[in-house]
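Fold and contact review
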Amino acid sequence: MRKLVFISNMAAPYQVKFCHAMQAYFDAEFWYHVRLEPDRPGWWRVPLGPRNRILDHVLLSRSRRYLSLDIVRELDRFDPDVVMLGGLVLLSNVVAYAWAKARGKHVVAFTELRRSPAGEPRGRDAVAALLRAYYGDLDCIMTSAEEGARQYRDDYGFPRVVSAHYPADIDGYFRHADRPRDRPCTILFPNRLIDLYDPLLALEVFARVRAGHPELRMLMNAAGPLRAACEERIATFGQPSPVSFLDGIARWDDLPLAYDRADILLLPARFSVGNFTIVEGMASGMGMVVSDRIQGFGQLIREGHNGFSRPPEVEAMADGIERYLAEPTLYSAHAAINRELVRPYTLAETARLFRDVVESVVGPDWLRRNGGTGASSP
């Protein structure tokens, strides 16, 4: 079985578990520069196992450009046949690309849409021109969503670009019972408390709906710089508070329980290129009310078909929640559609997708000659 290394920023739980899934097709190692970045909760730490490694002697962690002084030594030790670069601007990946090309290795990059701090896609600027010049011999670029594929293919001129996705650790979510259940409806705001996801708008939506449904409850992510502002708004709802923060999560594997406690996922994001919470909510069978400005996974929600994709405005999003409250049969109808839509995003199916992309680059004969399965996806 041929060797593959994936080099990325941090040991996110879904990446650690994805490494295990990739063993079905490759002798794979995943390398990271930090265990977790500072804005991630401690319960994201999961056991690494023998195939996930944290690189040593890492510089530039504050800027998140990351350069491991050991990257060449590690590449020489493992001697991979395929190098997958998790991002194009990590300095270790710049070095790894040069190492791989000097030795005739195959190189695939996995990256996101390049965007401004305001969330706008970046055009063909100086950085894009530099990336195109330096990485011109990449075997393939995989992007986390179709928007990124169009950017790298059409705007930046890379010849071989494939739209793909991140792996999602969602197997346990499929076991959740159908909604509604014999309990008051609970709204879940699962994303970090930051401006981009707009938790304060989520609270305004909740307040609007609760005015007609006083039994309504809400669960919120506990982490983020807007926590104090959210607490101040929640205090106006009175006691006992109808809103609770998810402070009790102690382990990554506790996360599905938060979804199982709730009925409708609310995400009025101003912009996002993901978002994992959408896939998790869909697999769980929740009602889905999400912003129409979410790319990637957000595009899975079609207005009125399997959820409500609305402008991030109070009235529009409150109306989406009201639809579920008025028509409880929508839960099961949407859940049946959504669970089938997200099955391809499981760890095992995403590993198969990555194998297929590598096969398309190197050819099935190469995989068969060198110990890979060489099989095609069904």
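Just above sits the structure.
Because the structure is a prediction, the values reported are computed rather than measured.

Side note on the pattern of salt bridges
In the structure shown here, the tally under the stated rule is 34 salt bridges. With a closest N to O distance of 2.9 Å, arginine 183 and aspartate 263 form a salt bridge. Remark: aspartate 263 occurs in the loop between α8 (255-260) and β13 (264-267) and arginine 183 occurs in the loop between β9 (161-163) and β10 (186-189); sequence separation between them is 80 residues. For arginine 183, a relative accessible area of 30% gives the class partly exposed. Using a relative accessible area of 3% as the deciding quantity, one classes aspartate 263 as buried. Ionic contacts of the salt-bridge type, sharing partners, join the residues Glu37, Asp39, Arg40, Arg64 and Arg192 into one network.

Some words on the sheet that holds β10
Spatial strand order, β12-β11-β10-β13-β14-β15: six strands in an open sheet with parallel pairing. The sheet is open, and its two edges are formed by β12 (243-245) and β15 (308-310), each paired on a single side. Within the sheet, the average angular offset between the axes of one strand and its neighbour, ignoring direction, is 20°. Here strand β14 (residues 287-291) runs beside β15; their pairing, made up of three bridges, is parallel. Among the inter-strand pairings, valine 290 is bridged to a residue of β15, identified as serine 309. Lying on the sheet, helix α6 (residues 199-210) is in contact with β10, β11 (217-220), β12 and β13; it crosses β11 at an angle near 170°.

Side note on the packing of aromatic side chains
One pass over the structure, following the stated rule, counts 23 aromatic pairs. Measuring from centroid to centroid gives 5.1 Å for phenylalanine 297 and tyrosine 345, while their planes differ by 85°, and the two rings are edge-to-face. Residue phenylalanine 297 is found in the loop between β14 and β15, and its partner tyrosine 345 is found in the loop between α11 (329-342) and α12 (347-362); the two are separated by 48 residues along the sequence. A single burial state applies to phenylalanine 297 and to tyrosine 345, both of which are buried. Looking at arginine 132, its charged tip hangs above the ring of phenylalanine 158, at a distance of 5.2 Å from the centre. In this structure, arginine 343 packs its charged tip against the face of phenylalanine 174, placed 4.3 Å from the ring centre.

Things to note about the nonpolar core
Residues Met218 and Met220 are the most contacted members of the largest nonpolar core, which totals 101 residues. With seven residues, the single largest contributor to this core is α12. Setting aside residues up to four positions removed in sequence, methionine 218 forms contacts with Thr186, Ile187, Phe189, Ala202, Leu203, Phe206, Pro242, Val243, Ser244 and Leu266. Membership of the second largest hydrophobic core comes to 26 residues, among which are Ile71, Ala109, Leu138 and Ala149.

Quick notes on the sheet that holds strand β2 (residues 27-34)
One open sheet holds the seven strands; their spatial order is β3-β2-β1-β6-β7-β8-β9, and the pairing between them is parallel. Two strands close off the open sheet at either side, each with one partner strand: β3 (52-54) and β9. On average, adjacent strands in this sheet sit at an angle of 20° to one another, irrespective of strand direction. Here three bridges tie strand β8 (residues 140-143) to β9, and the two strands are oriented parallel to one another. Paired with threonine 143 across the two strands is serine 163, which belongs to β9. Packed on one face of the sheet, helix α1 (residues 13-22) meets β1 (3-10), β2 and β3 and runs near 165° to β2. Sheet strands in contact with helix α3 (residues 91-102) are β1, β2, β6 (82-86) and β7 (106-111), and its direction is about 160° off that of β6.

What counts, and where the lines are drawn
Residues numbered from 1 in each chain as written. Predicted model: local features only at pLDDT ≥ 70, side-chain atom pairs only at ≥ 80, totals over all residues. Heavy atoms only, no water. Salt bridge = Lys/Arg side-chain N within 4 Å of Asp/Glu carboxyl O. Helix = DSSP H or I, 4+ residues; strand = E, 2+ residues; numbered from the N terminus. Buried < 20%, exposed > 50% of the residue type's maximum accessible area, 1.4 Å probe, protein only. Pairing = 2+ DSSP bridges. Axes fitted to C-alpha atoms, helices over the stretch in contact; angles between N-to-C directions. Contact = heavy atoms within 4.5 Å. Phe/Tyr/Trp six-rings, centres within 6.5 Å; stacked < 30°, edge-to-face > 60°. Lys NZ or Arg CZ within 6 Å of the ring centre and 35° of its normal. Core = buried A, V, L, I, M, F, W, Y, C linked by side-chain atoms within 4.5 Å.

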